[in-house]
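Residue-level structure breakdown
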Amino acid sequence: MSSTILPTTSQYANLGTYVPTILKRVEYGIGSLSKLADILSELSVSKPFLVTGTSLATNTDIIERVKNASGCESVVVFSGIQQHSPIQHIRNAVVELKTSDSDRIIAIDGGSHIDAAKLMIHLYK
């Protein structure tokens, strides 16, 4: 007879900061949203551009929570990035970014949105 020990939630509830070479920072973990206003202030961000997907923007309150936690008067949300980051969606986001007067991109959701944000920076430049 064998038994399986399942990991507890606390084993996955890590909190930390990852600072890569090209990106300014990646915040993750429970409670990380409470750091957002201070981080944006530290980076002199006054009008962030949020990149996300339609489901997250329309079926949850996460985007509103991020906007509120940002401490910024103006936050632009682009929720047109679908799974696998289609290039036309990224081009549409870049057009909106250029007309938005935003000063920083924040990707919210999964890998497709993070990848889209990275490519947006490349295409914007």
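Look above for the structure.
Notes on the structure follow. For clarity, every value in this text was computed on a predicted model and none was experimentally measured.

**Observations concerning the side chain of Ser102**
- Within the element layout of this structure, Ser102 appears in the loop between α5 (87–100) and β5 (104–107).
- A polar atom in the side chain of Ser102 sits 3.4 Å from the backbone oxygen of Lys47.
- Of the polar contacts made by the side chain of Ser102, one reaches the side chain of Ser100; its length is 2.9 Å.
- What Ser102 contacts, discounting residues up to four positions off in sequence, is Lys47, Pro48, Phe49, Val76 and Leu97.

**Description of unusual backbone geometry**
- Although it is not a glycine, His84 sits at a positive phi angle of roughly 70°.
- When you line up the elements, His84 lands in the loop between β4 (76–78) and α5.
- Of note, Asp109 is a non-glycine position whose phi angle comes to about 135°, a positive value.
- The partly exposed category is assigned to Asp109, whose relative accessible area is 43%.

**Some thoughts on the sheet that holds β5**
- A sheet is described by the order of its strands in space; here three strands give the open sequence β4-β3-β5, paired in parallel fashion. With partners counted over all chains shown, the strands left at the sheet margins are β4 and β5, one partner each. Taking each pair of neighbouring strands and ignoring which way they run, the sheet shows an average axis angle of 25°.
- Here three bridges tie strand β3 (residues 48–51) to β4, and the two strands are oriented parallel to one another. Within β4, the position partnered with Val51 by the bridge is Phe78.
- Packed onto the sheet, α5 meets β3, β4 and β5 and runs at close to 170° relative to β4.

Conventions used here
Residues numbered from 1 in each chain as written. Predicted model: local features only at pLDDT ≥ 70, side-chain atom pairs only at ≥ 80, totals over all residues. Heavy atoms only, no water. Helix = DSSP H or I, 4+ residues; strand = E, 2+ residues; numbered from the N terminus. Polar contact = N/O pair within 3.5 Å; in protein donor to acceptor, adjacent residues only side chain to side chain. Contact = heavy atoms within 4.5 Å. Buried < 20%, exposed > 50% of the residue type's maximum accessible area, 1.4 Å probe, protein only. Pairing = 2+ DSSP bridges. Axes fitted to C-alpha atoms, helices over the stretch in contact; angles between N-to-C directions.

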